[in-house]
Every structure is written in C-alpha cells, then in structure tokens.
Amino acid sequence: MGVRSGAVTIPAGDAQLPADLLVPAEPAGVVLFAHGSGSSRHSPRNVAVAHALNGGGLATVLVDLLTPEEDEADAVTAELRFDIGLLADRLAAIVDWLAAERPVGGAAIGLFGASTGAAAALVAAAQRPELVHAVVSRGGRPDLAGAALGQVSAPTLLLVGDLDEQVIVLNQQALGQLTAPAELRLILGATHLFEEPGTLEQVAEAAAGWFHDHLHPQPAPA
C-alpha cells in the first residue's frame, strides 16, 4: 500500500507548528500524535507506531507542539512540556485544522498521546467532542488531565507496561474518572518506555485495533 508523505506547517494560535503527514490510499481514519515531555515529532517510538498504523490503512500526523524557540527554552526550564493547557489548546487547533482543511478528506480523527502528551490529548478530546472520535494513551499520564477526564466522550484506550507500577496506579485512578467507554490494558514485559523487544509492536497492534473500531468516515460539512 503506497503512503503519501509530506511536511506541512499547521497554525495553532500564534504558533506555526511543523508536522509530518503520512496518508495511505483511502485512509480508514487519521491519528494525531501528542508526544511526551522532552520529545518531538521525531520520537523513534511514535514514528514506529505511526508507520505501523500507516501499514494498517490509517493516516498519521506527527507534530511538534512547541515552536523551535519554545523547545530551546523548555530544554532549560522543562516548564512548557508540563503545560497541559497550552499543549491541549494546540492539539485542539490542529484538530480544527484537520477538520477545516481536510488534508485527509473525511477521515475521522483520533488522538494518540504518550506520557504527558496523553493528558493533553484527553483535554483536547474534551474540548472537541464532535471532532475527536477515539483516544489511545501509551505509558501516559491521563491523571494530569484533571477534571477534563469526566468530559471526554471519545472511547479511550490506556496502554501501560505491566512493569511500570507507578503509572499503572495513576492510570487506574484516571480510568475511574472517565465516563466515556474506556479500557486499561497492560503490555506484558514492558517498562515505561516500551524498549523491551516486541512491546512497542503490541502497542501498535492494540492502538490500530482501537482506532479501526472507533474511527469511521465523517460527512463533509454542509
């Protein structure tokens, strides 16, 4: 299956965010990635998951949620990577762009968040209930989404390594606050970064199944 790739710049408030768009023929949906703290759209793990989703017929958007200047400052202060409100607002703006510009046609939108990016993805899903149709969290901190958890309507899958004990507890607490259809799955033999052989492949397989189950083509706006 051929995949069309391209670099785009997406407006989000005052920021212009660089992104990589990968679109297979007749995509079954489009997945917007929210990377974790201190990472970027070039995160090897997110890129690997994105390519696996592409192989399964899903389009992907890998985007830097901070501008180069912000990223440089954050490398020193580590403040912006935990600014869930800022990151969520930018994700919501990208969701709006996908819906308005339709670079992937009528493909329904899902969000894939890692680490702190998972909290931003859930807040953005709460802000855009009519546009975000599924969320997957990998080793995420959904607890950082706070009160927004109860406002998420998109079906949500929480994936955590079974050796990542502290994050399991935080995900269990968040699961109890989600009112949308939600599931917590443990990836056997995985620690927080899913560096163990075969664990990231399990993440990609679970995410692909979740998105295929919940993303369906959306009609063009009237």
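In the block above lies the structure referred to throughout.
Now for a quick tour of the structure. (Residues numbered from 1 in each chain as written. Predicted model: local features only at pLDDT ≥ 70, side-chain atom pairs only at ≥ 80, totals over all residues. Heavy atoms only, no water.)

### Some words on the environment of Asp74
No. 1: Its place among the elements puts Asp74 in helix α2 (residues 68–77).
No. 2: Judged by relative accessible area, Asp74 falls into the buried class, the value being 2%. (Helix = DSSP H or I, 4+ residues; strand = E, 2+ residues; numbered from the N terminus. Buried < 20%, exposed > 50% of the residue type's maximum accessible area, 1.4 Å probe, protein only.)

### Quick word on the nonpolar core
No. 1: By size, the foremost hydrophobic cluster in this structure holds 46 residues, and its most contacted members are Leu32, Val61, Leu91, Leu111 and Val135.
No. 2: Residue assignment for this core shows that the elements contributing at least two residues are β1 (3–12), β2 (15–24), β3 (30–34), β4 (59–63), α3 (84–101), β5 (109–114), α4 (116–127) and β6 (132–138).
No. 3: Per-element tally for this core: the top contributor is α3, with nine residues.
No. 4: If sequence neighbours within four positions are ignored, Leu111 has contacts with Val31, Leu32, Val95, Ala121, Ala124, Ala125, Val132, Ala134, Val135, Val136 and Phe211.
No. 5: By size, the runner-up hydrophobic cluster in this structure holds 25 residues, among which are Val31, Leu62, Leu157 and Val203. (Core = buried A, V, L, I, M, F, W, Y, C linked by side-chain atoms within 4.5 Å. Contact = heavy atoms within 4.5 Å.)

### What about the pairing of β6?
No. 1: Judged by how many residues are buried, β6 sits mostly within the fold: six of seven residues are covered.
No. 2: Viewed along the sheet, the connection from β5 through α4 into β6 turns out right-handed. (Right-handed = clockwise from strand over helix to strand, strands pointing away.)

### A closer look at the environment of Arg185
No. 1: Turning to its location among the elements, Arg185 is positioned in strand β8 (residues 182–187).
No. 2: With 17 residues separating them along the chain, Arg185 and Gln202 place their C-alpha atoms 11 Å apart.
No. 3: Only 2.6 Å separates the side chain of Arg185 from the side chain of Glu183, close enough to count as a polar contact. (Polar contact = N/O pair within 3.5 Å; in protein donor to acceptor, adjacent residues only side chain to side chain.)

### Comments concerning the packing of α3 against α4
No. 1: Here α3 crosses α4 at 55 degrees, and the two axes come no closer than 8 Å. Regarding the angle of α3 to α4, the classification is oblique. Our pair here, α3 against α4, has a crossing hand that is right-handed. Residues Ile84, Leu87, Ala88, Asp89, Leu91 and Ala92 of α3 lie in contact with α4, whose contacting residues are Thr116, Ala119, Ala120, Ala121, Val123, Ala124 and Gln127.
No. 2: Here the residues of the contact of α3 with α4 sort into ten nonpolar, two polar and one charged. (Axes fitted to C-alpha atoms, helices over the stretch in contact; angles between N-to-C directions. Parallel < 35°, antiparallel > 145°, perpendicular 65-115°, else oblique. Left-handed = near helix turned anticlockwise from the far one by under 90°. Nonpolar A, V, L, I, M, F, W, Y, C, P; charged D, E, K, R; others polar.)

### What to know about the sheet that holds β6
Within a sheet, adjacent strands bond to each other through the backbone by hydrogen bonds, running parallel or antiparallel.
No. 1: Taken together, eight strands build an open sheet; the order of strands is β1-β2-β4-β3-β5-β6-β7-β8 and the sheet is mixed. Across the chains shown, the open sheet's two edge strands, defined by having one partner strand only, are β1 and β8. The sheet shows a mean angle of 20 degrees between the axes of neighbouring strands, taken without regard to direction.
No. 2: Note: β1 against β2, ten bridges, orientation antiparallel. (Pairing = 2+ DSSP bridges.)

### Focus: the packing of aromatic side chains
No. 1: Summed over all chains, the structure comprises one aromatic pair.
No. 2: Between Phe33 and Phe112, the ring centres sit 4.9 Å apart and the planes meet at 35 degrees, which makes this aromatic pair tilted. With a gap of 79 residues between them, Phe33 in strand β3 and Phe112 in strand β5 connect regions that are remote in the sequence.
No. 3: Overall, the relative accessible area of 2% leaves Phe33 in the buried class.
No. 4: The exposure class assigned to Phe112 is buried, which follows from its relative accessible area of 0%. (Phe/Tyr/Trp six-rings, centres within 6.5 Å; stacked < 30°, edge-to-face > 60°.)

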